[in-house]
Amino acid sequence: MSRVASRLIDLPSGVTVSVAASGVTVKGAKGTLSLAVPSGISVVQENKQLSVKFEGGDQLRMSAGSTRAHLANMVEGVSKGYERKLDLVGVGYRAQVQGKALNLTLGFSHPVAFPIPEGITIETPSQTEIVIKGVDTQKVGQIAAEIRSIRPPEPYKGKGVKYSDEKITLKEGKKK
């Protein structure tokens, strides 16, 4: 059996799970998430724990491990939530939230307005920090990657949008 799929998922207090034939729905204090379960894989809830069972070959073994990992991320997301921090490095680089858009000044000839999708909250504690929060880890990471891709850090001065825990290795400039 897959080692990932064999591990149990503990359900914290305040999190409820409803298992149906087609999928699993997880509800918590932060929100609700649902996951479609592939055929051949079943999710069983017993005593505040979830377990993933499968019957079949290697392909179902891999799918069972992925399903268990997605369910564990969903349980953590609806109970604690996920967040990703971005830093703006560069003279005049600024960010601010106005309504349902994140306005970025990143050295272009025009400001960039990034629309904030449903289920995601974006905060700017300072002009050079962006905090992205949500219950879905995939969505939070995708939005952070999209904002970073507007002006990724360049290798000579390190200017651009970077993750707060990212280390930029600077290249040496051209010599005469």
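Remember, it's a predicted structure, so these values are computed and weren't measured experimentally.

What is the right way to look at the sheet that holds strand 7 (residues 82-89) in this model?
Each strand in a sheet pairs with its neighbour through backbone hydrogen bonds, running either in the same direction (parallel) or in the opposite one (antiparallel). Strand order in the open sheet formed by four strands is 11-12-7-13, and the pairing between neighbours is antiparallel. A strand with exactly one partner marks an edge of an open sheet, and here the two such strands are strand 11 (120-123) and strand 13 (160-163). In this sheet, adjacent strand axes meet at a mean angle of 25 degrees when their direction is disregarded. Here strand 7 pairs with strand 13 via four bridges, running antiparallel.

Looking at this structure, I do not really get helix 2 (residues 58-79). What am I missing?
Side chains of residues three or four places apart in an α-helix project in the same direction, reflecting 3.6 residues per turn. In this model helix 2 runs 32 Å from its N-terminal to its C-terminal C-alpha over 22 residues, within 8% of the 32 Å that 1.5 Å per residue would give. When helix 2 is considered as a whole, its buried residues turn out to be Leu60, Ala64, Gly65, Thr67, Arg68, Leu71, Met74, Val75, Gly77 and Val78. Following helix 2 by one or two positions, Gly81 adopts a phi angle in the positive range, close to 90 degrees.

Looking at this model, I keep getting lost on unusual backbone geometry. Mind explaining?
The general pattern is negative phi for most residues beyond glycine and trans for most peptide bonds. If you check the backbone angles, Asn47 has positive phi at about 55 degrees while not being a glycine. Classification of Asn47 by relative accessible area gives exposed; the value is 74%. In this structure, Lys48 takes a positive phi of about 60 degrees despite not being glycine. In this structure, Lys48 sits in the loop between strand 5 (41-45) and strand 6 (49-54).

Hey, could you run me through the pairing of strand 3 (residues 23-27) in this one?
In regular strands, side chains alternate between the two faces of the sheet. The sheet contact formed by strand 2 (residues 16-19) and strand 3 spans four bridges and is antiparallel. Its bridge partner being in strand 3, Val19 is matched across the sheet by Val24. Between the end of strand 2 and the start of strand 3, which pair antiparallel, lie three residues. Pairing analysis gives five bridges linking strand 3 to strand 4 (residues 32-36), with the strands arranged antiparallel. Note that in strand 4 the partner of Val26 across the bridge is Leu33. Hairpin connection, strand 3 to strand 4: the antiparallel pair is bridged by four residues.

It is not clear to me how the layout of surface pockets should be interpreted in this structure. Could you clarify?
Space left empty within the atom packing is revealed by a probe, the size of a water molecule, rolled over the atoms. Taken as a whole, the largest pocket holds about 190 Å³ of empty space. Every residue along the wall of the largest pocket is listed here: Leu33, Ser34, Leu35, His70, Asn73, Met74, Val135, Asp136, Thr137 and Gln138. For the lining of the largest pocket, the secondary structure elements donating two or more residues are strand 4, helix 2 and helix 3 (137-150). Each residue belonging to the lining of the largest pocket can be placed in one class, and the counts come to four nonpolar, five polar and one charged. Quantified by volume, the second largest pocket comes out at close to 160 Å³. Along its surface, the second largest pocket is lined by Lys30, Lys80, Gly81, Tyr82, Gly119, Thr121, Lys133, Gly134 and Val135. The residue inventory of the lining of the second largest pocket, partitioned by class, reads two nonpolar, four polar and three charged.

Whenever I open this one, the environment of Arg148 confuses me. Can you help?
Looking at the secondary structure, you find Arg148 in helix 3. Arg148 sits in the partly exposed class, given a relative accessible area of 21%. Distance from Arg148 to Glu172, taken between C-alpha atoms, is 23 Å for residues 24 residues apart in sequence. Each residue touching Arg148, except ones within four places of it in the same chain, is listed here: Pro153, Val161, Lys162, Tyr163 and Glu166.

Just checking my understanding: could you explain the sheet that holds strand 2 for this structure?
Read from one edge of the open sheet, three strands run 2-3-4, paired in antiparallel fashion. Each edge of the open sheet is held by one strand with a lone partner, namely strand 2 and strand 4. Direction aside, the axes of adjacent strands within the sheet are offset by 15 degrees on average. Here helix 2 sits on the sheet and contacts strand 3 and strand 4; the angle it forms with strand 4, its principal contact strand, is near 170 degrees.

Parameters and conventions
Counting restarts for each chain: residues are numbered from 1 in the order of the written sequence. Local features are withheld for residues below a pLDDT of 70 in this predicted model, meaning they are given only at 70 or higher, and side-chain atom pairs are given and counted only at 80 or more; totals for whole chains, interfaces and linings count all residues. Each side-chain value is derived from all of the structure's non-hydrogen atoms; neither hydrogens nor water enter the calculation. Paired strands, as defined in this entry, are two strands with at least two bridges between them according to DSSP. Strands are runs of DSSP state E lasting at least 2 residues, helices are runs of H or I lasting at least 4, and numbering of each runs from the N terminus. For helices, the fitted line uses only the C-alpha atoms of the stretch in contact; every axis is such a line through C-alpha atoms, and the angle between N-to-C directions lies from 0 to 180 degrees. Multiplying one less than the number of residues by 1.5 Å gives the expected span of a helix. Partly exposed describes any residue whose relative accessible area lies between the buried limit of under 20% and the exposed limit of over 50%, with all areas from a 1.4 Å probe on protein chains only and scaled to the type maximum. The distinction between a cavity and a pocket rests on a 1 Å grid over the protein atoms alone: a 1.4 Å probe fits inside a cavity but cannot get out, while a pocket stays open yet meets protein on both sides within 12 Å along at least five of seven lines, and a residue with an atom within 4 Å of a point counts as lining. Grid points are joined across faces, edges and corners, and a volume is the space filled by probe spheres set on the points. Three classes are used: nonpolar for Ala, Val, Leu, Ile, Met, Phe, Trp, Tyr, Cys and Pro, charged for Asp, Glu, Lys and Arg, and polar for all others, with Gly counted as polar. Residues count as neighbours in contact if any of their non-hydrogen atoms are within 4.5 Å of one another.

Distances and angles like these do not, on their own, reveal function.
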